[in-house]
Amino acid sequence: MLEDKYGRKFHYLRLSVTDVCNFSCNYCLPDGYQCDTQRDFLTLDEIRTTATAFAGLGTSKIRITGGEPSLRKDLTDIIEICASIRGIEHVAMTSNGYQLEKDAERWVDAGLTSLNISIDSLDPRMFEVITGHDRLQSILRGVEKAIALGLKVKVNVVLMKQYNLATLQTFMDWVRNTPVTLRFIELMQTGDNLNFFTQNHVSGEALKKHVIERGWGKVISDKTAGPAHEFQHPGYAGRLGFITPYSKNFCDTCNRLRISARGKLHLCLFAEYGLDVRSYMQIGDIQGLQTRLRSLLEDKDATHYLHEGYAGATTHLAMLGG
Ligand code: SAM
Ligand code: SF4
């Protein structure tokens with residue numbers, strides 16, 4: 001089992017498969033994807049080596065992320081490879097949902113077990129203002145389809161003071177009859193979004209208090225769960241969750257490591273740099289990769305430094321997948 005010097009165990013790998021994205025979310029890629037480097041993303045063989053190495057070290061859950069993972073033409077193969085590896089029990093994906101309506105069935109057939117879809121507004125016009133795409137209705141139909149196919153669906157909403165904070169009630173009304181877990185994520189500062197962050201960051205703690213006062217009760221989470229605090233209510237089909245990276249002790253329960261689309265290990269979303277482990281992936285050296293991962297993990301810090309306004313080398317989250 002991968003364990004760091006603070007006793008944290010790492011069951012969960014976030015695997016970015018591309019940093020390309022077709023959306024231009026105002027908090028992430030406001031000017032859209034800028035193609036300034038070679039698109040030499042991990043190959044299927046490298047993904048197999050990586051997933052096998054992590055599984056051998058106790059990883060049981062892989063989340064495929066991006067950029068936008070569904071822009072990879074071989075996404076179904078990627079899912080299939082991850083799902084086929086002994087020890088990997090959950091194959092999840094985070095997506096903007098652009099292809100969901102069309103491809104959900106194929107992903108499920110390949111072995112996908114759960115899906116996080118980003119929907120920052122339930123108002124089509126505001127959705128377009130935030131993402132640059134008039135796509136909300138198709139994404140919502142995709143969510144319905146994913147639920148019908150038996151996928152565990154979570155919906156991510158990045159909280160933004162000027163864009164969606166006032167519509168909390170609309171989101172709550174939606175989960176009354178929609179069996180998804182809707183998670184409000186506090187906007188995080190990155191290298192590129194300082195002004196936007198200053199104008200739009202809002203703490204999730206006040207919202208959490210708001211829902212607790214309305215009868216929502218805390219859900220106990222399992223070892224592979226993310227950092228969200230989840231709540232349920234007898235009158236609602238869905239759940240609510242809060243991801244509050246600026247809250248005290250947020251990093252104490254960290255259980256994930258990240259591999260970038262170009263094969264770098266990131267010990268934290270806001271680490272100072274990625275650590276190159278691609279040479280092991282390129283030659284299929286599972287054991288070598290495992291030894292290197294163990295040794296690099298010794299340097300994992302206790303916490304990020306976001307509180308001090310330091311986002312490390314992360315210019316935007318599309319480069320690493322959140
Ligand atoms: N493109 C996919 C999507 O949007 O779901 C996957 C990659 S995206 C970087 C992963 C998650 O990070 C999304 O839920 C997105 O909303 C979130 N995210 C991106 N930038 C963020 C920021 N600055 N603060 C908080 N969450 C952010
Ligand atoms: Fe693309 Fe996801 Fe970033 Fe939006 S949040 S720009 S969909 S990577």
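Residues numbered from 1 in each chain as written. Chains lettered and ligands numbered in written order. Predicted model: local features only at pLDDT ≥ 70, side-chain atom pairs only at ≥ 80, totals over all residues. Heavy atoms only, no water.

### Quick word on the site of ligand 1
Point 1. The local shell around ligand 1 holds 20 residues, among which Tyr27, Gly67, Ser118, Asn156 and Met188 are the closest.
Point 2. Between ligand 1 and Met188 there is a distance of 2.9 Å, counted from a nitrogen atom to a backbone nitrogen or oxygen.
Point 3. Here ligand 1 has 540 Å² of accessible area as a free molecule, and 95% of this is covered by the chains.
Point 4. Listing elements by their share of the shell around ligand 1, those giving two or more residues are strand E3 (90-95), strand E5 (152-159) and strand E6 (181-186).
Point 5. Of the residues belonging to the shell around ligand 1, the class tally is eight nonpolar, ten polar and two charged. (Near = heavy atom within 4 Å. Polar contact = N/O pair within 3.5 Å; in protein donor to acceptor, adjacent residues only side chain to side chain. Areas by Shrake-Rupley, 256 points an atom, 1.4 Å probe, with all protein chains shown as cover. Helix = DSSP H or I, 4+ residues; strand = E, 2+ residues; numbered from the N terminus. Nonpolar A, V, L, I, M, F, W, Y, C, P; charged D, E, K, R; others polar.)

### Section: the site of ligand 2
Point 1. Close contacts around ligand 2 come from Cys21, Phe23, Cys25, Tyr27, Cys28, Leu29, Gly67, Asn96 and Ala318, and that covers them all.
Point 2. A breakdown of the residues in the shell around ligand 2 according to their chemical character gives seven nonpolar, two polar and no charged.

### Considering the sheet that holds strand E12 (residues 275-276)
Point 1. Judged by pairing direction, the sheet is mixed, and its twelve strands sit side by side in the order E7-E8-E9-E6-E5-E4-E3-E2-E1-E10-E11-E12 without closing on themselves. A strand with exactly one partner marks an edge of an open sheet, and here the two such strands are strand E7 (217-218) and E12.
Point 2. In terms of strand pairing, strand E11 (residues 264-266) meets E12 through two bridges, oriented antiparallel. Bridge pairing in E12 links Leu265 to Leu275.
Point 3. Docked against the sheet, helix H1 (residues 44-56) engages strand E1 (12-16), strand E2 (61-65), strand E10 (256-259) and E11, running at close to 170 degrees with respect to E1. (Pairing = 2+ DSSP bridges. Contact = heavy atoms within 4.5 Å. Axes fitted to C-alpha atoms, helices over the stretch in contact; angles between N-to-C directions.)

### Description of the packing of aromatic side chains
Point 1. On inspection of all chains with the given rule, the structure shows eight aromatic pairs.
Point 2. Relative to Phe127, the ring of Phe23 lies with its centre 6.4 Å away and its plane at 85 degrees, an arrangement referred to as edge-to-face. Of this pair, Phe23 sits in the loop between E1 and H1 while Phe127 sits in helix H4 (residues 124-131), placing them 104 residues apart in sequence.
Point 3. Ring geometry for Phe231 against Phe242: centres 5.9 Å apart, planes inclined by 75 degrees, an arrangement best described as edge-to-face. With Phe231 in strand E8 (residues 229-232) and Phe242 in strand E9 (residues 239-243), the pair connects residues that are eleven residues apart, well separated along the chain. The burial state of Phe231 is the same as that of Phe242; both residues are buried.
Point 4. Among the aromatic residues, those joined into a ring-pair cluster are Phe171, Phe184, Phe231 and Phe242.
Point 5. Note that Lys61 overlies the ring of Tyr12, its terminal NZ or CZ placed 4.5 Å from the centroid.
Point 6. The ring of Tyr98 carries the charged tip of Arg135 above its face, separated from the ring centre by 3.8 Å. (Phe/Tyr/Trp six-rings, centres within 6.5 Å; stacked < 30°, edge-to-face > 60°. Buried < 20%, exposed > 50% of the residue type's maximum accessible area, 1.4 Å probe, protein only. Lys NZ or Arg CZ within 6 Å of the ring centre and 35° of its normal.)

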